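So the chains spell out like this:
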Amino acid sequence: MEINLNCDLGEKSIHYNGKNDSALLKIVDSVNIACGYHAGDKDTINKTIIEAKKNKVSIGAHPGFNDKLNFGRKKIYLSNNELIKILNEQLEIINEIAIKNSLPLSHVKPHGALNNMACEDYDLAITIGKTIKKFNKDLIYVVLPLNEMEKAAKKIDIKYACEIFADRNYEDNGQLITRTNKNASINDPKIASENILEMLDKSYIKCYSGKKIKTNIDTICIHGDGSNAVAIAKELKNKLKKNNIKQVNLNKLEKFL
């Protein structure tokens, strides 16, 4: 079996100082880099890409709402044209820096509230997917499975990867428990890694209640700004190796070759 381990990085902001980034880049296979709108800036993007290249980690864009005050985690309702505009602006920012460093983008993963909204809004998910495909038809659209994002990706025939989270719990509908809920996050590395191994073995999402929902799984995410992100990543990497599960860059998964 093979799997991709990814992480959200380059998110320096008033909310997070980026202290975990270097350590995580030595563990994960792919990174989703903030494009300067919800967090980060051009200098941070450049440094993250340089370090990713050094560690043979594939890179992707992590575009979000232009809202550093709320770290992109507050819903903002935009028109179609406004959404396309902010997505293209962010893709252009990171793509230019990626080209300069001779490390092409492999994927795009929407951030925070934008991602959550796309899970529930088919038209929004379609707009994001079409914008990605128009920007570069070879980019992989990272989606949460069992919702409107996966439906949209199938509809527009774009390359897509289904993502689950190691550090978050799930509702009975297969969606993430909202961050305001005390049960939203998993901070214990052993619990996180055991959950992931079970989900990979059986190809299902394990909900907090114990309910299990069948799904495809291509990639596992760890939030880079998590207080225990490095410990969870290390534990998970060790458990994957012990169980003969091969880690690969997202664009090197068999389904994309």
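Reading the values: rules and limits
Residues numbered from 1 in each chain as written. Predicted model: local features only at pLDDT ≥ 70, side-chain atom pairs only at ≥ 80, totals over all residues. Heavy atoms only, no water. Helix = DSSP H or I, 4+ residues; strand = E, 2+ residues; numbered from the N terminus. Expected span 1.5 Å × (residues − 1). Contact = heavy atoms within 4.5 Å. 1 Å grid on protein atoms, 1.4 Å probe; cavity = no way out; pocket = protein on both sides within 12 Å on 5 of 7 lines; lining within 4 Å. Points joined across faces, edges and corners; volume = space filled by probe spheres on them. Nonpolar A, V, L, I, M, F, W, Y, C, P; charged D, E, K, R; others polar. Disulfide = S-S within 2.5 Å. Salt bridge = Lys/Arg side-chain N within 4 Å of Asp/Glu carboxyl O. Core = buried A, V, L, I, M, F, W, Y, C linked by side-chain atoms within 4.5 Å. Buried < 20%, exposed > 50% of the residue type's maximum accessible area, 1.4 Å probe, protein only.

Peer 1: Any chance you could explain helix H8 (residues 229-242) here in plain terms?
Peer 2: It helps to recall that an α-helix has 3.6 residues per turn; residues three or four apart then point in one direction. Along its 14 residues, H8 runs 20 Å from first to last C-alpha, staying within 8% of the 20 Å computed at 1.5 Å per residue. Buried residues in H8 make contact with strand S1 (2-9), helix H1 (21-24), helix H7 (189-202), strand S9 (219-223) and strand S10 (246-247). Backbone geometry just after H8 places Asn244 at a positive phi near 55 degrees.

Peer 1: Could you clarify how one ought to interpret empty space enclosed by the protein in this entry?
Peer 2: To locate leftover empty space, one rolls a probe as large as a water molecule over the atoms. Per the stated rule, a full pass over the model turns up one cavity of 30 Å³ or more. Space inside the largest cavity adds up to approximately 40 Å³. Forming the walls of the largest cavity are Arg168, Asn169, Tyr170, Ile186, Asn195, Met199 and Lys206. In terms of residue class, the lining of the largest cavity is made up of three nonpolar, two polar and two charged.

Peer 1: Sorry if this is basic, but what is going on with the state of the cysteines here?
Peer 2: Every disulfide links exactly two cysteines, by a covalent bond between their sulfur atoms. Scanning all chains against the criterion turns up zero disulfides. Between Cys7, a cysteine without a disulfide, and Cys221, which holds the nearest cysteine sulfur, the sulfur-to-sulfur distance is 6.2 Å. The thiol of Cys119 is not disulfide-bonded; the next cysteine sulfur, from Cys162, is found 11 Å away.

Peer 1: How do you make sense of the pattern of salt bridges when you look at a structure like this?
Peer 2: Once the charged atoms of two side chains with opposite charge are near each other, the side chains can pair. The full count for this structure, using the stated rule, is 13 salt bridges. Close ionic contact of Glu89 with Lys85 constitutes a salt bridge, the shortest N to O distance being 2.5 Å. On the criterion of helical spacing, the pair formed by Glu89 and Lys85 is a turn pair, its members being four residues apart in helix H3 (residues 80-100). Note that Asp218 is salt-bridged to Lys255, the shortest N-O span being 3.0 Å. Remark: Lys255 occurs in the segment after S10 and Asp218 occurs in the loop between strand S8 (212-214) and S9; sequence separation between them is 37 residues. Via salt bridges that share partners, Asp8, Lys109 and Glu163 belong to a single interconnected network.

Peer 1: Is there a simple way to think about the nonpolar core in this case?
Peer 2: Note that soluble globular proteins tend to have their nonpolar side chains buried in a common cluster. Counting 76 residues, the largest nonpolar core has Val31, Ile49, Ile59, Ile128, Tyr141 and Ile220 as the members making the most contacts within it. Per-element tally for this core: the top contributor is H3, with seven residues. Once you skip the residues sitting within four places of it in the chain, Ile59 turns out to touch Val31, Ile33, Ile49, Ala52, Ala98, Leu103, Pro104, Leu105, Ser106 and His107. Ile140, Ala161, Val248 and Leu253 belong to the second largest nonpolar core, which has seven residues in total.

Peer 1: Before we go on, may I ask you to explain the layout of surface pockets in this structure?
Peer 2: Of the pockets and cavities examined, the largest pocket occupies roughly 620 Å³. No other element matches the seven residues that helix H4 (residues 112-120) contributes to the lining of the largest pocket. When grouped by side-chain class, the residues that make up the lining of the largest pocket number eight nonpolar, eleven polar and ten charged. Size it by volume and the second largest pocket reaches roughly 210 Å³. Around the second largest pocket, the lining residues are Met1, Glu2, Ile3, Leu200, Ser203, Thr215, Asn216, Ile217, Asp218, Leu253, Glu254 and Lys255.

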